[in-house]
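# Examination of the molecular architecture
Here's the letter readout for the chains.
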Amino acid sequence: ALIDRGGCIFMQKVFNAQAKGAVGVLVANNADGPPERMGMPANPFEEEVLIPAVMISKADGAALRTLLRSSSAVELVMQQPGDRPLQLLDGVPQESHVEEAQMLFFTFHLNDDVDQFTISVTPEVGDSDLYVSNDGLPPTQTHFGWRSRMYGEDAVTISRPDQGFCHGCTYHVGVYGYTAASFSVLASTRDAAVLLQLGMPLTEHLSADQWSYFTVQVEDASKALRITVTPLTGDPDLYVSTTGRPTRADHQWAATSWGADTLVIQPIAPGFRAGTFFVGVTAFSNTTYTLTASLVGEKQVVSVLVAGRPQFVSLSEGEWQYFRFAVGPNATRVKLNASPIFGDPDLYVTTDGSLPSAENSAFASDSLGVELVEATPSLAGFCADCVYTIGLTGWTPTNMTLSATVEYGNSADSTTVHVLADGMPTEGLVQMGEIEYYRFFIDRTDMAVNVTVTAYSGDPDIYASFTQERPTVADHTFSSTAFGGDSLSISHFDERFCAAASCSLHIGVLGASESRFSVVASQREETRLVLLDGMPQHAALGGGEWQYYTFTLSGGATSTRFAITPSFGDPDLYLSTDREPTREEHTWASSNVGADVLLVTRDDPLWTPPPVTYRLGVYAWSSSNYTIVASSGSTQTLLEDGVPNRGSVRAGEYEYYKVYVDDNATDLELIVTPLSGDPDVFASHVVARPNASHHEFAANAFGRDVLTVEHSSVALRTCTAGERRCVFYVSVFGADE
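## Overview of the state of the cysteines
Per the counting criterion, the structure on display carries 3 disulfides. Across the disulfide, Cys166 is cross-linked to Cys169 (sulfur-sulfur distance 1.7 Å). By the burial criterion, Cys166 is buried, and Cys169 matches it. Here Cys498 engages in a disulfide with Cys503; their sulfurs sit 2.0 Å apart. The disulfide joining Cys498 to Cys503 has a torsion of about -50° about its S-S bond and is therefore left-handed.

Here it is, written out as structure tokens:
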């Protein structure tokens, strides 16, 4: 029985419920906040109270009422703490906590007619491992039938071909605390509709042309519902209905764009109502994705960030979205990264439980482009064993990926492993000798996998393995250690390629010197790598090969520039907005020998007003290494250390750049070589858009300009003293065209 608090003593409520046949009682608090302990006086009744009773919060009571009013069956398990394992229900997540070096047990009964099911563990904080057995004994670290010991999320899929699989069996599940961990555990069969917890991301794998189904409970019909799918591989599509499981042909709402999808269903939409929303996800090829549901404008529902797992975020102009990232004790560094696909996000963080804003934050990043926050114990506002609340807003319509990582101590296995989304670059920073770790899901074993690191500064190297979760210089299977950027291509014919139907490539990026870089991984031939505004990407192609990209230009932009700078070979550039370009069919092209530049402005008769997504194709006539960058007129293009960037500027106008300076013992040198006209250069580490009137450094001779900022200068020492991310802003002024 579910009963509201108030009106009579607790004992009376429980006795009345027992008399009416209840086998247990939930008393919902009538005040906000956590539940309270129910004081039970001596029994005043002739009969003994034999059923259990617990108090739950007011919010949990409201959520249960919504479930009871829906068409879904509701089953409640009440358990006294002890050694008896908790039963997992098909498609219903259970939240729990395990201490370090302890194991918490669950059971899951598999029906006779089921051929496959998955058990997954998603930690909100800490790192837990998963063990499963079905021989009647609970699993241990040495006794198990299946296990997963990845950093972060763990999952095992058990199917009929597996040795030990059985119908009608009870499977024992053990969640081991590699560290103390708070987690959600889920057992689900292929036909189950998994219950989505508001704000809690769920990662799933889906084979080509299959469907996965979910349900979301909406209590308040005045709030819009936002559902976001973030692909890690492949291209999942999203369908929603309130009348039953949706299909491609029968649904009320859908989002089917390439890559990430977000649906915001407004209360005024026909068919919107309080109750159960059915969500279907499908894909034309194998895919791994993360699904999240939340209420729009509901500040109490703050979405959870899982360490190392990217979350796609779509913001309208001026909109705020909030996230929470929990860190455990002994945390020594917390990093937050918002990388815009288009638009300009700002990032604000609090650690005192309040909602962040532009006026209220412990940490903030509101520059143009990628936003990074790095919190360490030396900074005010840093905390361990606490929650970081993140607020994101967009001054313009903005799409981005948000990720969070945490380090514990100095050991290599105490740092977060980043999950790479297929084709999406991720920025990183390593000190000399440090390694940053990544994981890339492999959904096909009949196709090569490619990993590319673009060095913005320093010399990052790649080490990779299918078997070693944290590859190193001494323990790895594949590597690329050229000076500067690196590319690694692993053929699926290589005998060391993973043999499982789905597996992971583990990647370590080592700083041969202090290095700032981006890393991107892709597998499919048709993968379109994403270009971020102003952020260069390194690539390597064999003769006759293509590489495709997408670049989204946000509203308000009046021009965009695409540039390729080869270190060797001859890549050519083809561009369209309505189709994949080829050498025969395209809208714009540049096929010079050597560097290629395309400038598309609103004066062009083929200009499409933004927002618009450009499709780029790079074709290599011969084996080629190159750097490609796409930039809007409002951004600052990032300059790579030692890599030239070709540009153009009109008389009396400015082009803006930035450069990362991570070494306080080296001079910074900027060289502008005119191919025509007379460009001048201005720089500052304070003024984001330096010009002739506001700058710290300048070189404005006729013709070639060389600007040197000595490492002993006050500006460079100030910039590199307090943080690991020192940015120098640069502008090139056209004294004439």
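Further notes follow.
## Some remarks on the sheet that holds strand S37 (residues 486–490)
What the 4 strands build is an open sheet, ordered S32-S39-S34-S37; its pairing is antiparallel. This sheet does not close on itself; its edge strands, each paired only once, are strand S32 (426–430) and S37. The average angle at which neighbouring strand axes cross in this sheet is 20°, direction not considered. As paired strands, strand S34 (residues 449–457) and strand S39 (residues 515–522) are joined by 7 bridges and run antiparallel to one another. Bridge pairing in S39 places Ser457 opposite Arg516.

## Some points on the pattern of salt bridges
Enumeration over the complete set of coordinates arrives at 14 salt bridges. A salt bridge links Arg160 to Asp115; the nearest nitrogen and oxygen atoms lie 2.6 Å apart. Taken together, the positions of Arg160 in the loop between strand S10 (154–159) and strand S11 (170–177) and Asp115 in the loop between strand S6 (103–109) and strand S7 (116–125) put the pair 45 residues apart, joining distant regions of the chain. The salt bridge involving Arg579 is made with Asp578; its shortest N-O contact spans 3.0 Å. Via salt bridges that share partners, Arg333, Lys335, Glu374, Glu407 and Glu436 belong to a single interconnected network.

## Let's talk about the pairing of strand S28 (residues 371–375)
Burial along S28 is one-sided: the face carrying Glu371, Val373 and Ala375 is buried and the face carrying Leu372 and Glu374 is not. As paired strands, strand S25 (residues 331–342) and S28 are joined by 5 bridges and run antiparallel to one another. Looking at S28, one finds that Asn337 is bridged to Leu372.

## Some details on the sheet that holds strand S12 (residues 181–189)
By way of backbone hydrogen bonds, the strands of a sheet pair with one another, either parallel or antiparallel. Sheet architecture is open: 4 strands sit in the order S5-S12-S7-S10, paired in antiparallel fashion. Both outer strands of the open sheet, strand S5 (94–98) and S10, are each paired with one neighbouring strand and no more. Across the sheet, the axes of successive neighbouring strands diverge by a mean angle of 20°, strand direction being ignored. As paired strands, S7 and S10 are joined by 6 bridges and run antiparallel to one another. Opposite Thr118, over in S10, you have Thr157 as the bridge partner.

## A few points about the packing of aromatic side chains
Across all of its chains, the model carries 25 aromatic pairs by this definition. Plain terms: the ring middles of Phe272 and Phe277 are 5.3 Å apart, the flat faces sit at 55° to each other, and that makes the pair tilted. Residue class for Phe277 comes out buried when judged on its relative accessible area of 0%. Ring centres of Phe551 and Phe562 lie 5.8 Å apart, and the angle between their planes is 90°; on these two criteria the pair is classed as edge-to-face.

## Quick look at unusual backbone geometry
Following Pro610, the chain continues to Pro611 via a peptide bond in cis, the omega torsion being 5°. Checked against the element boundaries, Pro611 lands in the loop between strand S46 (596–601) and strand S47 (612–620). In this model, Asp209 sits at a positive phi of 65°, which is unusual for a non-glycine residue. Tracing the backbone shows Asp209 in the loop between strand S14 (202–206) and strand S15 (211–218).

## Remarks on helix H1 (residues 10–19)
By the criterion of burial, H1 is predominantly enclosed, with 7 of the 10 residues buried. For H1, the full list of buried residues reads Phe10, Met11, Lys13, Val14, Phe15, Ala17 and Gln18. Turning to H1, the residues buried within the fold contact strand S1 (2–4), strand S2 (25–28) and strand S3 (53–56). In the segment just after H1, Gly21 is the residue with positive phi, at about 100°.

About the criteria used
- Residues numbered from 1 in each chain as written.
- Predicted model: local features only at pLDDT ≥ 70, side-chain atom pairs only at ≥ 80, totals over all residues.
- Heavy atoms only, no water.
- Disulfide = S-S within 2.5 Å.
- Buried < 20%, exposed > 50% of the residue type's maximum accessible area, 1.4 Å probe, protein only.
- Pairing = 2+ DSSP bridges.
- Helix = DSSP H or I, 4+ residues; strand = E, 2+ residues; numbered from the N terminus.
- Axes fitted to C-alpha atoms, helices over the stretch in contact; angles between N-to-C directions.
- Salt bridge = Lys/Arg side-chain N within 4 Å of Asp/Glu carboxyl O.
- Phe/Tyr/Trp six-rings, centres within 6.5 Å; stacked < 30°, edge-to-face > 60°.
- Contact = heavy atoms within 4.5 Å.

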